[in-house]
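Breakdown of the fold
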Amino acid sequence: MPNANEVNPHALSQAQHRAVSELLRVAPVADDLARLFQAEGFSLALVGGSVRDALLGRLGNDLDFTTDARPQDILRIVRPWADAVWEVGIAFGTVGAQKVARAEQGERTFRIEITTYRDEAYDRSSRKPAVSFGDSIEEDLVRRDFTVNAMAVALPAKTFVDPHGGLRDLADRVLRTPSTPEASFSDDPLRMMRAARFAAQLDFAVAPDVVQAMKDMSGRISIVSAERIRDELDKLILSGSPRTGLSLLVDTGIAGHVLPELPALRLESDEHHRHKDVYEHTLIVLEQAMALESEGPDLTLRLAALLHDIGKPRTRRFERDGRVSFHHHEVVGAKMAKKRMTALKYPNETVKDVSRLVELHLRFHGYGTGEWTDSAVRRYVRDAGPLLGRLHQLTRSDCTTRNRRKAAALSRAYDGLEARIARLQEQEELDALRPDLDGNEIMEILGVPPGPVVGSAYKHLMELRLEKGPMKHDEAVTALRDWWESRQG
């Protein structure tokens, strides 16, 4: 077993020793598990992100282990010990488990993954890795994505294993690969996206040779399944600094394969036609939307901010007066967002919500300084539905002008709109907008059976509700009968 002091010129400091000790002290579950594997003649080591996060002081309740035991042996050892076991990843050598165990601050629920030493690679046409199992931790660590994830703590001896200088790179806050970047990315092209994600999550720089390999091999990402790309993209977007990761994906050409609408926002400009850099504007909107989040990272809001202007390249027109227009880019963009997110296998509800926000993000700009009627405000609320709060956040984030007077005026106008919505909600229960008569009442008053007529009547009454606000019952009945008579004539 390699010793860190022998293979790493940057020996573990006392503080780093304490970090590893703390890792095992707060997670005695690791020692318990190691003894079970040792009794069966197998090795066990804490590995990868768990070790990295412990050294960074950000370890959570998710623990990753690696072992020379094969998957069926792992199941046999873990089942009597764990509170729950799942086999979703067993084809790739991974067994999942849950265990409630004691810790310094009381009991904690740990989510555990135990993976057989393995080696995985893509062939030139496969979308899924072909897995083969290994027999040593050295083989296992060299196949991992980055050196900072290629460290381990062998248990129960608590030997620190760092054959690729991960500790040094962790101290330098840099992402390098254990083998050559070309070999690593050829084995699993998704690692190129992981480089961008870790840069965004950890605020690490990416080594120049890694960046160059990402540029040279960007097309290789096309063999990775849409689901894996989507999951990696989500982690990046939900990170603390998505701009960092997105910029790396764009600069290396990878975004051109997984999210081509983003680099397309780098609209060409010339000395005769000046207009905003839509790409830079988009990243600012994303950051401003993040600043308005009140309950943690919001994937739907962030996706909407990222995609809100993707319709601009297709709708760009140079007007005779030298201006640049993007008429109806919100409608075009909503369709593009739906198509891209569907291709990336997003859940239908997420696709629906994000594309709706993209479609509505310009609606406020017709508000002016408050010229909307109450009817227009009601329609704004009705069209946004449960997305109203996110629409507020997206619309406010979409102001990136450097003109302070203009920015202040837009902010005041939106304050006014929100105040009007609040007043109408208090008066009319806008959150549950519906006609003053329901379907049963319509059928009874008109003497008609269920069918298209009832739907048309309901739609008519809904329009009246939006236009005039709530009506008394007798007024609604009269309005319904007048509508019915007009149809009979």
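Small disclaimer: the values here were computed from a predicted structure and weren't measured.

Quick notes on the rules
- Residues numbered from 1 in each chain as written.
- Predicted model: local features only at pLDDT ≥ 70, side-chain atom pairs only at ≥ 80, totals over all residues.
- Heavy atoms only, no water.
- Helix = DSSP H or I, 4+ residues; strand = E, 2+ residues; numbered from the N terminus.
- Buried < 20%, exposed > 50% of the residue type's maximum accessible area, 1.4 Å probe, protein only.
- Contact = heavy atoms within 4.5 Å.
- Axes fitted to C-alpha atoms, helices over the stretch in contact; angles between N-to-C directions.
- Parallel < 35°, antiparallel > 145°, perpendicular 65-115°, else oblique.
- Left-handed = near helix turned anticlockwise from the far one by under 90°.
- Core = buried A, V, L, I, M, F, W, Y, C linked by side-chain atoms within 4.5 Å.
- Phe/Tyr/Trp six-rings, centres within 6.5 Å; stacked < 30°, edge-to-face > 60°.
- pLDDT = per-residue confidence, 0-100.
- Pairing = 2+ DSSP bridges.
- Arc of directions from axis to C-beta.
- Expected span 1.5 Å × (residues − 1).
- Salt bridge = Lys/Arg side-chain N within 4 Å of Asp/Glu carboxyl O.

With that out of the way, let us pick up the overall build of the chain. When helices and strands are counted, the chain shows 24 helices and 13 strands. Burial status across the chain gives 50% buried among its 489 residues. When contacts within the chain are restricted to residue pairs at least 6 apart in sequence, long-range pairs at least 24 apart make up 66% of them.

Moving on, we come to the packing of helix α9 (residues 190-202) against helix α11 (residues 226-237). Axis separation between α9 and α11 bottoms out at 9 Å; the angle between their running directions is 15°. Taken together, the axis directions place α9 and α11 in an arrangement best described as roughly parallel. Classified by chirality, the crossing of α11 by α9 is left-handed. In contact with L190, M193, R194, A196, R197, A200 and Q201 of α9, α11 contributes R228, I229, E232, L233, K235 and L236.

Here the focus is the nonpolar core. One finds F37, F65 and I112 to be the most contacted residues of the largest nonpolar core, which totals 116 residues. It is α9 that provides the largest number of residues to this core, a total of nine residues. Setting aside residues no more than four positions away along its own chain, F65 makes contact with A30, L33, L44, A45, L46, V47, I112, E113, I114, T115 and L155. Core analysis: the second largest hydrophobic core is formed by 15 residues, L446, V454, V477 and W483 among them.

The next subject is the packing of aromatic side chains. Applying the stated criterion across every chain yields a total of three aromatic pairs. Ring centres 4.6 Å apart and planes at 70° place the aromatic pair F364 and Y414 in the edge-to-face group. Separated by 50 residues along the polypeptide, F364 in the loop between α18 (348-360) and α19 (374-384) and Y414 in helix α21 (residues 404-428) bring together distant segments of the chain. Of the residues examined, F364 reaches a relative accessible area of 5% and is grouped as buried. Seen in terms of ring centroids, W372 and Y380 are 5.3 Å apart; in terms of plane orientation they differ by 55°. Their pairing is tilted. Overall, W372 belongs to the buried group, its relative accessible area being 14%.

With that settled, consider unusual backbone geometry. Following L155, the chain continues into P156 via a peptide bond in cis, with omega recorded as 0°. Positionally, P156 belongs in the loop between β8 (152-155) and β9 (159-161). Phi at R173 takes a positive value of approximately 55°, unusual for a residue other than glycine. For R173, the position within the fold is in the loop between α7 (166-172) and β10 (174-175). In this structure R173 comes out as partly exposed when scored by relative accessible area, which is 36%.

Moving on, we get to the confidence of the model for the chain. Residues of the chain with pLDDT of at least 70 account for 88%, and the chain-wide mean is 86. Throughout residues 1-11 the model reports pLDDT below 50, and contacts reaching past four residues in sequence, or to other chains, amount to 25 contacts. Note that pLDDT drops below 50 for residues 270-275; the model gives that stretch nine contacts with residues more than four away or on any other chain.

This part covers the environment of L466. By the element assignment, L466 lies in helix α23 (residues 452-468). Sequence separation between L466 and R378 is 88 residues; the distance between their C-alpha atoms is 5.8 Å.

Take the pairing of β8 next. Taking every second residue as pointing to the same face, both faces of β8 are buried, with A152 and A154 on one and V153 and L155 on the other. Both strand β1 (residues 44-47) and β8 contribute to a ladder of four bridges, which runs antiparallel. In the sheet register, V47 faces β8, and the bridge partner there is A152. For β8 and β9, the ladder comprises three bridges, and the chain directions are antiparallel. When the sheet's bridge partners are listed, A154 is paired in β9 with T159.

This next bit is on helix α5 (residues 71-78). Of all the residues in α5, the buried ones are P71, I74, L75, I77 and V78. One face of α5 carries all of its buried residues, which in axial projection span an arc of 170°.

The next thing to look at is the side chain of R197. Topologically, R197 is positioned in helix α9. A residue is classified by how much of its surface remains accessible, and R197, at 10% relative accessible area, is buried.

This paragraph deals with helix α17 (residues 329-343). A rise of 1.5 Å per residue sets the reference length of α17, with its 15 residues, at 21 Å; its end C-alpha atoms lie 21 Å apart and thus fit the reference within 8%. Along α17, the residues classified as buried are H329, E330, G333, A334, M336, A337 and M341. Contacts from the buried residues of α17 go to α15 (299-307), α16 (312-315) and α18. Of the residues flanking the end of α17, it is K345, one or two places downstream, whose phi is positive at about 65°.

The tally for this structure, following the rule as stated, stands at 31 salt bridges. Measuring nitrogen to oxygen at the nearest pair gives 3.0 Å for the salt bridge that ties R228 to D188. You can see R228 sitting in helix α11 and its partner D188 sitting in the loop between α8 (181-187) and α9, a full 40 residues away along the chain. Between R356 and E359 there is a salt bridge, with the nearest N and O atoms lying 3.1 Å from each other. One end of the pair, R356, and the other, E359, are both in helix α18, three residues apart, so they sit about a helical turn from each other.

Residue position: V448 is located in the loop between α22 (439-446) and α23. Ignoring anything within four residues of it in the chain, the contact list for V448 reads M443, V453, V454 and W484.

Here we take up the pairing of β1. Of the two faces of β1, the one holding L44 and L46 and the one holding A45 and V47 are both buried throughout. Sheet topology places β1 next to strand β2 (residues 62-67); three bridges connect them, and they run antiparallel. Looking at β2, one finds that L46 is bridged to F65.

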